[in-house]
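Structural description and commentary
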Amino acid sequence: MKALRLEAIGRLAVSDLEKPVPGPNDVLVKVDACGICGTDRHLFLGEFPSKPPVTLGHEFTGIVEAVGRDVTAFHPGMRVTGDPNISCGRCPECKRGRVNLCRNLQAIGIHRDGGFAEYVCMPEQQAFALPGDLDPLHGAFCEPLACCLHGVDMAEIKTGYSVVVLGGGVIGLLVVQLARLAGATRVVLATRNAGKRRLAKDLGATATIDPSSGDIVDLISGDGGILPGGADVVIECAGVTETVEEAPRLARKGGTAVILGVMPQGVKVSIEPFDLLFREIRLLSSFVNPFTHARAADLIATGAIKVEPLISRKIGFDEAARTIANPPPAGEIRALVIPGL
Ligand code: NAP
Ligand code: ZN
């Protein structure tokens, strides 16, 4: 089978590999689609630890081709999505139920072969069923949606809340939709690209703002702003210094700011502890998808979360290699890798 592999840091190649053979507890999946995520670029650049040579791709979906002899819940022909994060179940964090913080976390598409391939193999407990009649590409959004769900859960959005979302990539545009579903009545998205702002409106944002148009803290939470006094909840989905610094400042007194964006290791930002204390801001971080993949699959299966408008391009393995090795084109939201294209 063909697979797109990280051969070494800075080197991707399309290789011919043996089709994997499922172990007793494994599910072998014929891949329909696998999303390219910013993490794939970090892995390519060596900014995120991995174990090359390895097949990348952790946002995959497809049809079960074969199952191991001890697999009970899946059979060939079922449509599935995979949770790439495999926790050990034995370490102190796993035993406290904090599986996303597992000391031995192994991720499909990072530490072991992933979904930029014709077939991917995963332990049964990582697989989640999707309806057979679902669009074959839509399951590729379950993994990013599951990460957004964890952040939105942490934010504890209540009906009638106001929410600011910083960054209009796939994560920000999924968070906008989740915030509305969670009951937020006003959701403001800040992102520079006009196309992404238009799309955010279509997906439920009640207002959008271009952060390059001025001081967004003033434009949003100032006296004459969109949400005078600030938002009940701010969700940072850009992973850049400005937005991480703006997030707590955009929260109202007693409000919550959740950081979802990933900053490069070692980078420091400037936060004013007096302001956090005096306004009693809850500043939280959300990492990956503990126990949220089943809900993400259900939200996509039922169409409650719209993902079709988030697909910018459908590409084969060769173009995927070029895409991962370069910064994303302006306005691109998600490129999906489709085996055989
Ligand atoms: P993305 O496509 O890069 O989206 C982030 C967007 O933020 C950019 O496209 C950019 O769009 C916008 N942006 C840049 N500077 C901005 C600014 N100053 N103000 C407002 N918006 C700004 O990435 P993504 O896939 O959506 O992921 C978002 C972040 O979440 C990344 O850091 C990713 O690594 C992280 N992430 C975290 C988790 C987790 O578990 N915590 C899971 C998945 C991803 P414009 O050009 O329109 O400004
Ligand atoms: Zn563990």
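Residues numbered from 1 in each chain as written. Chains lettered and ligands numbered in written order. Predicted model: local features only at pLDDT ≥ 70, side-chain atom pairs only at ≥ 80, totals over all residues. Heavy atoms only, no water.

1. Considering helix H4 (residues 170-181)
With 12 residues, H4 should reach 16 Å at 1.5 Å per residue; the first-to-last C-alpha distance of 17 Å fits that figure. Within H4, 9 of the 12 residues are buried, which leaves the element mostly enclosed by the surrounding structure. Along H4, the positions that sit buried rather than exposed are Val-170, Gly-172, Leu-173, Leu-174, Val-175, Val-176, Gln-177, Leu-178 and Ala-179. (Helix = DSSP H or I, 4+ residues; strand = E, 2+ residues; numbered from the N terminus. Expected span 1.5 Å × (residues − 1). Buried < 20%, exposed > 50% of the residue type's maximum accessible area, 1.4 Å probe, protein only.)

2. Side note on unusual backbone geometry
Glycine aside, the phi torsion of most residues is negative, and most peptide linkages are trans. The omega torsion of the bond from Pro-52 to Pro-53 falls at 0°, within 30 degrees of zero and hence cis. Relative to the helices and strands, Pro-53 resides in the loop between helix H1 (38-45) and strand S4 (54-55). Although it is not a glycine, Val-288 sits at a positive phi angle of roughly 45°. According to the relative accessible area criterion, Val-288 is buried, its value standing at 17%. Here Phe-291, not a glycine, exhibits a phi torsion of approximately 60°, which is positive. Its location among the elements puts Phe-291 in the loop between strand S16 (282-285) and helix H9 (293-301). When its relative accessible area of 65% is taken as the criterion, Phe-291 is described as exposed.

3. A few points about the domain arrangement of the chain
Structurally, the chain comprises domain 1 (2-136 + 307-337) and domain 2 (147-285). Between domain 1 and domain 2, the C-alpha centre-to-centre distance is 29 Å. Facing 9 residues of domain 1, the contacting portion of domain 2 comprises 9 residues. Summing the contributions of domain 1 and of domain 2, the shared interface buries around 770 Å²; its carbon and sulfur component is 74%. The tally of links between domain 1 and domain 2 comes to 0 salt bridges. (Domains from an automatic or database assignment. Contact = heavy atoms within 4.5 Å. Buried area = accessible area lost by both parts, 1.4 Å probe. Salt bridge = Lys/Arg side-chain N within 4 Å of Asp/Glu carboxyl O.)

4. Quick notes on the sheet that holds strand S11 (residues 162-166)
Whether parallel or antiparallel, the strands of a sheet pair through hydrogen bonds between backbone atoms. Taken in spatial order, the 6 strands of this open sheet run S13-S12-S11-S14-S15-S16, and their pairing is parallel. Since the sheet does not close on itself, it has two edges, and those belong to strand S13 (207-209) and S16, each with one partner. Pairs of neighbouring strands in the sheet enclose a mean axial angle of 15°, with direction left out of account. Relative to strand S15 (residues 251-259), strand S14 (residues 231-236) runs parallel, the two sharing 5 bridges. Bridging from a neighbouring strand, Val-233 pairs with Thr-256 of S15. Against the sheet, helix H3 (residues 142-155) contacts S14, S15 and S16, and its axis sits at roughly 160° relative to S16. In the packing of H4 onto the sheet, the strands contacted are S11, strand S12 (186-190) and S14, and the crossing angle to S12 comes to about 170°. (Pairing = 2+ DSSP bridges. Axes fitted to C-alpha atoms, helices over the stretch in contact; angles between N-to-C directions.)

5. Let's talk about the coordination of the zinc ion (ligand 2)
The protein atoms that coordinate the zinc ion (ligand 2) are Cys-88 (SG), Cys-91 (SG), Cys-94 (SG) and Cys-102 (SG), at distances of 2.3 to 2.4 Å. The coordination sphere of the zinc ion (ligand 2) comprises 4 donor atoms, whose angles at the metal cover 101 to 119°; the geometry is tetrahedral. The sequence pattern formed by the donor residues of the zinc ion (ligand 2) is C-x2-C-x2-C-x7-C. Residue Cys-102 is classed as buried on the basis of its relative accessible area of 7%. (Donors = N, O, S within 2.8 Å, 3.2 Å for Na, K, Ca; no water. Tetrahedral: all angles 85-135°; square planar, octahedral: opposite > 155°, others 65-115°.)

6. Structural notes on the state of the cysteines
According to the stated counting rule, one finds 0 disulfides in the structure shown. Summary of cysteine pairing: Cys-237 is not part of a disulfide, and the nearest cysteine sulfur, belonging to Cys-148, is at 6.4 Å. Overall, the relative accessible area of 11% leaves Cys-237 in the buried class. (Disulfide = S-S within 2.5 Å.)

7. Thoughts on the pattern of salt bridges
What the rule picks out here adds up to 14 salt bridges. Asp-16 is the salt-bridge partner of Lys-2, the closest N and O atoms lying 3.2 Å from each other. You can see Lys-2 sitting in strand S1 (residues 2-8) and its partner Asp-16 sitting in strand S2 (residues 11-16), a full 14 residues away along the chain. Residue Lys-2 is classed as partly exposed on the basis of its relative accessible area, which comes to 38%. Classification of Asp-16 by relative accessible area gives exposed; the value is 59%. Arg-313 is the partner of Glu-332 in a salt bridge, and the nearest nitrogen-oxygen pair spans 2.8 Å. Residue Glu-332 is found in the loop between helix H10 (317-324) and strand S18 (334-337), and its partner Arg-313 is found in strand S17 (residues 311-315); the two are separated by 19 residues along the sequence.

8. As for the pairing of S17
In this sheet, S18 lies alongside S17 in parallel orientation, the contact comprising 4 bridges. Bridge assignment links Arg-313 to a residue of S18, and that residue is Ala-335.

9. Re the packing of aromatic side chains
Going through the model one piece at a time under the given rule, you end up with 1 aromatic pair. Between Phe-274 and Phe-278, the aromatic rings sit 5.4 Å apart at their centres with planes inclined by 10°, giving stacked as the arrangement. Of this pair, Phe-274 and Phe-278 both sit in helix H8 (residues 273-278), 4 residues apart, which is roughly one turn of the helix. Sitting above the plane of the Tyr-119 ring, Lys-19 keeps its charged end 4.5 Å from the centroid. (Phe/Tyr/Trp six-rings, centres within 6.5 Å; stacked < 30°, edge-to-face > 60°. Lys NZ or Arg CZ within 6 Å of the ring centre and 35° of its normal.)

10. So, the environment of Phe-278
In this structure Phe-278 comes out as exposed when scored by relative accessible area, which is 59%. Considering only alpha carbons, one finds Phe-278 and Ser-162, 116 residues apart in sequence, at a separation of 21 Å.

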